[in-house]
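A structural walkthrough
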Amino acid sequence: KVKKKITLSNGDEMPDTKKQKKRKALKMKRKVFRASDPMFSVFMWGVHHSVSQLTHTTIPPLLLDSDFKAYSKVSIENSNFNSDNMIGKFKFKEYCPLVFRNLRERFAVKEEVFNQALSANEPYYEERGEGQKERSSKFFFSRDNRFVIKLFHTEEVELMLSKLSEYYAYVVEKDGQTLLPQYLSMYKITVSGVEYHMIVMKNIFSTSLKIHKKYDLKGSTVDREASEKEKTGPHPTYKDKDFIKDEMRIKVGEEKRAEIMGMLESDVKFLATLKIMDYSLLLGVHNVARGLEEHSGDEEQSSSDDLLESEELKAEDIPEYEEEEEETSIHTCLTDESIAEKEVYFYGLIDVLTKYNATKRAAHTAKTMKHGAGAEISTVRPDQYAKRFLEFMNSSFT
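Below or above, wherever it landed, is the structure these notes cover. (Residues numbered from 1 in each chain as written. Predicted model: local features only at pLDDT ≥ 70, side-chain atom pairs only at ≥ 80, totals over all residues. Heavy atoms only, no water.)

**Some words on helix 2 (residues 97-106)**
With eight of ten residues buried, helix 2 is to be regarded as a mostly interior element. For helix 2, the secondary structure elements touched by its buried residues are helix 1 (38-55), strand 3 (71-76), strand 4 (90-95), helix 3 (111-119), helix 4 (154-173) and strand 8 (183-191). Ala 108 lies just past helix 2 and shows a positive phi near 60°. (Buried < 20%, exposed > 50% of the residue type's maximum accessible area, 1.4 Å probe, protein only. Helix = DSSP H or I, 4+ residues; strand = E, 2+ residues; numbered from the N terminus. Contact = heavy atoms within 4.5 Å.)

This is how it looks when you write it as structure tokens:
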């Protein structure tokens, strides 16, 4: 640009008094809610919209019956907003927003962390075995691994809504100290005419430590063994018969055993009153010696070494926030100090939305005829299921 000069008769230059325009630096447009799957984009947008709306809402000290029936709904038609990443037509529905907002607080989940984890980065599906499509999975995870999102059926939605007030009252009674899934929000998304129901929970395995072995335990032995195909997958889930064959025991000592069994007994009794059965204890095992060997020489992966020195688990920092390190795993414990082979256990109840109805009674009859009256089939009445489950779990500790 040529600067204009004005010269006076004496030879002096007079500065140009014309106001120069200030040029603003152009900021690169951030591609928000970008995801490879349109369903993910809408999910990310919806979570951000919901949390933002709730920040301007006064949270009542006491919830009303109407809060357990409430919902918020947004319908977008042919919008050009963020058209590079978002489809132009979708629906987003959140169930009982105030109830779940309250549950997040009781489970010590900060709103900004919840929002950042689920809306800033695209979620990912759990890794599938060879030949299996990601979309076949019922679960996907936040990028920081704090939260797991489950896609579920209309029947499970109806059961969850019908039992939500009892679940909430139980969480309040126990002050959040329960092995039940920690439910944080529930949504329905409609994309291209397809409906997706989903519920967000805390991830039992939200940890920087590698889970070396994973078990799904129901206390039943009939058809409760991982198949050869499952065992060859990237992250196999073993079952009750595998647990027995491995001669696996949860080696936590008497005091910790009493604490865990106390929570289990209370939770299982609660589930039985709701006529719920077919739940499992999900158990993850990290072998400390193996972890040290895998990460030897890597200073950034010294979590196992720290465990041996301090006997405290601390999750990796989330870089977007300047916050104190916190233990993000729900329930975690080390082997008893008397045990030479150190292991870290992660555990919690899962699949608690199956009611003993006509379908399950028919399955019970069919399995009894096939395997005999004394067989330990998984499909039994809730009171029987609870009794057998607790007996199995009680025998699983050392």
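**Points about the environment of Ala 258**
Tracing the backbone shows Ala 258 in helix 7 (residues 253-273). In this structure, the C-alpha to C-alpha distance between Ala 258 and Phe 397, residues 139 residues apart in sequence, is 9.9 Å.

**Quick notes on the nonpolar core**
Nonpolar side chains tend to gather and get buried jointly when the protein is soluble and globular. Counting 90 residues, the largest nonpolar core has Phe 43, Phe 114, Met 198 and Tyr 279 as the members making the most contacts within it. At nine residues, helix 1 tops the list of elements feeding residues into this core. What Tyr 279 contacts, discounting residues up to four positions off in sequence, is Leu 217, Lys 218, Val 268, Leu 271, Leu 349, Ile 350, Asp 351, Val 352, Tyr 385, Ala 386 and Phe 389. Residues Leu 209, Ile 330, Val 344 and Ile 350 belong to the second largest nonpolar core, which totals nine residues. (Core = buried A, V, L, I, M, F, W, Y, C linked by side-chain atoms within 4.5 Å.)

**Brief notes about the pattern of salt bridges**
Per the counting criterion, the structure on display carries 23 salt bridges. The shortest N-O distance in the salt bridge between Lys 239 and Glu 230 comes to 4.0 Å. Look at Lys 239 and you get buried, because its relative accessible area is 19%. Exposure remark for Glu 230: the relative accessible area of 35% places this residue in the partly exposed category. When salt bridges with common partners are traced through the structure, they connect Arg 101, Arg 104, Glu 105 and Glu 111 into a single cluster. (Salt bridge = Lys/Arg side-chain N within 4 Å of Asp/Glu carboxyl O.)

**A look at unusual backbone geometry**
One non-glycine residue, Ala 108, adopts positive backbone phi at about 60°. The residue Ala 108 is located in the loop between helix 2 and helix 3 in this model. For Asn 145, which is not glycine, the phi dihedral falls at a positive 70°. Of note, Asn 145 is situated in the loop between strand 6 (139-141) and strand 7 (147-152).

By themselves, these observations are geometric and do not establish any function.
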